[in-house]
Amino acid sequence: MTETSRNVALVTGASRGIGKAAAIMLAEAGYDVAVSARTVHEGEGRTDTGGIPLPGSLDTTVAAIDAAGTEGFAVRMDVLDRQSLLDGVDAVMARFGRIDVLVNNAIYQGLGTMVEFDDLVEDDLRRIFEGNVYAQLALIRAVLPQMRERNSGTIINMISATAYQDPPARIGNGGWGMGYAMSKAALARVVPLLHRELEDFDIRLFSVDPGFVVTEKTEALGGGGQYAQHYKPATPPVIGAAIRWLVEDRESDSLRGQIVMAQRETKRRTLLPGWP
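Residues numbered from 1 in each chain as written. Predicted model: local features only at pLDDT ≥ 70, side-chain atom pairs only at ≥ 80, totals over all residues. Heavy atoms only, no water.

Peer 1: Could you give an account of the side chain of S15, with specific residues and numbers?
Peer 2: Position of S15 among the secondary structure elements: in the loop between strand 1 (8-12) and helix 1 (17-28). In terms of polar contacts, S15 uses its side chain to reach the side chain of R16, at 3.4 Å. If we ignore the near neighbours within four places in the chain, the residues touching S15 are K20, S36, A37, T39, G56, S57, L58 and T61. (Helix = DSSP H or I, 4+ residues; strand = E, 2+ residues; numbered from the N terminus. Polar contact = N/O pair within 3.5 Å; in protein donor to acceptor, adjacent residues only side chain to side chain. Contact = heavy atoms within 4.5 Å.)

Listed below in structure tokens is the structure:
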């Protein structure tokens, strides 16, 4: 076990995009950061549909964390492989002895997530809920006992406006799939209910809505254009800055148990100099 006086964060889906940005910013704030994803080494990343190559890896993220002066630790996790999640948490606990922050960022984005109802088959829907709801619940269940024991901790679930907004158009013109939206709506209910159940503990829970964010995957799939006509895009560091603020600044306690609009908080609190 590593001897460290620093707090420890676990950020899932951190090989690229929002997860990578959040992990690096938490490292810059002084956290040791364990990161998880399926892509461990550079060049392994592919989109779930079409197999389009994607930049980014856990190796690259860990190198950036180490460069920030804290310790990075990579664990391979797959949201569709429950045992990999539990083994990953065990590995982080064995390495650091604690997990102070959980950022549930990884999701399933494969078959069925962006199809209309007629094309949404039950097997795909089961995978969507496994990857976007049950996996996150399993991780919360795994880290919560030691947070209760210390009476401290922060849990952030990344949700989506699809959970509560109606689509502006059909899929392909700015809309989204029913299966994906249903799963995000289910996840969005976790924080307010768990916040109430844990009201006797100083365990801070937030749902974070990142808004429309252009990531490496968005660019690879060419999906930015259909949403840009309806939403103003941000980049991953904009969301990472909001996550760092939620974790670090007790002023954010006023938002415990609520949906936090990441882009709005980053803008109004000037969390990322130069943006927007």
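Peer 1: Now, about the pattern of salt bridges: what can you tell me, with residues and values included?
Peer 2: By the definition in use, this model includes 20 salt bridges. A salt bridge links D100 to R98; the shortest N-O distance between them is 2.6 Å. Among the ionic pairs, D123 bridges to R126, the shortest N-O distance being 3.1 Å. Of the two residues, D123 and R126 are both situated in helix 4 (residues 122-150); the distance of three residues between them amounts to about one turn of the helix. The class for D123 is partly exposed, based on a relative accessible area of 49%. Residues participating in the shared-partner salt-bridge network are D202, R204, R250, D253 and R256. (Salt bridge = Lys/Arg side-chain N within 4 Å of Asp/Glu carboxyl O. Buried < 20%, exposed > 50% of the residue type's maximum accessible area, 1.4 Å probe, protein only.)

Peer 1: Residue-level account of the pairing of strand 5 (residues 153-158), with values.
Peer 2: Burial runs high along strand 5: six of the six residues are buried. Here strand 5 shows a buried face lined by G153, I155 and N157 and a second buried face lined by T154, I156 and M158. The pairing of strand 4 (residues 101-104) with strand 5 spans four bridges and is classified as parallel. Across the sheet, the residue bridging to V101 is T154, located in strand 5. Summarising the sheet, strand 5 and strand 6 (residues 203-209) pair through six bridges and their orientation is parallel. The partner of M158 across the bridge, within strand 6, is V208. (Pairing = 2+ DSSP bridges.)

Peer 1: Let's hear about the nonpolar core: which residues, and what values?
Peer 2: Across soluble globular proteins, you tend to see nonpolar side chains buried next to one another. If you look at the biggest cluster of nonpolar residues, it comprises 38 residues, and the most contacted ones within it are V33, V35, I156, I239 and I243. When residues of this core are traced back to their parent elements, those giving at least two are strand 1, helix 1, strand 2 (32-37), helix 2 (58-67), strand 4, strand 5, strand 6 and helix 9 (236-248). Excluding residues that lie within four positions of it along the chain, I156 makes contacts with L102, V103, N104, F206, V208, I243, L246 and V247. In terms of nonpolar packing, the next biggest core, distinct from the first, is built from 34 residues, L10, M77, Y108 and L120 among them. (Core = buried A, V, L, I, M, F, W, Y, C linked by side-chain atoms within 4.5 Å.)

Peer 1: Talk me through the packing of helix 3 (residues 82-96) against helix 4; I want residue IDs and the actual numbers.
Peer 2: Between helix 3 and helix 4, the least distance of the axes is 10 Å, while the angle of their chain directions is 30°. Classified by the angle their axes make, helix 3 and helix 4 are roughly parallel. The hand of the helix 3/helix 4 crossing is right-handed. Facing helix 3, whose interface residues are R82, L85, L86, V89 and M93, helix 4 presents E130, Y134, A135, A138, L139, A142, V143 and Q146. Taken together, the residues that form the contact of helix 3 with helix 4 break down as 10 nonpolar, one polar and two charged. (Axes fitted to C-alpha atoms, helices over the stretch in contact; angles between N-to-C directions. Parallel < 35°, antiparallel > 145°, perpendicular 65-115°, else oblique. Left-handed = near helix turned anticlockwise from the far one by under 90°. Nonpolar A, V, L, I, M, F, W, Y, C, P; charged D, E, K, R; others polar.)

Peer 1: Residue-level account of a nonpolar patch on the surface, with values.
Peer 2: On the surface, a cluster of nonpolar side chains totalling about 300 Å² of accessible area is made up of F117, M178 and M182. In this structure, F117 sits in the loop between strand 4 and helix 4. (Patch = residues over 30% accessible without salt bridge, like charges linked within 9 Å, V, L, I, M, F, W, Y side chains within 5 Å. Areas by Shrake-Rupley, 256 points an atom, 1.4 Å probe, with all protein chains shown as cover.)

Peer 1: Requested: an account of unusual backbone geometry, with residues and values cited.
Peer 2: In this structure, the amide linkage connecting W275 to the following residue, P276, adopts the cis form with an omega of -5°. In this structure, P276 sits in the segment after helix 10 (262-268). Within the chain, N151 stands out as a residue other than glycine whose phi angle is a positive 55°. The residue N151 is located in the loop between helix 4 and strand 5 in this model. A relative accessible area of 36% means that N151 is categorised as partly exposed.

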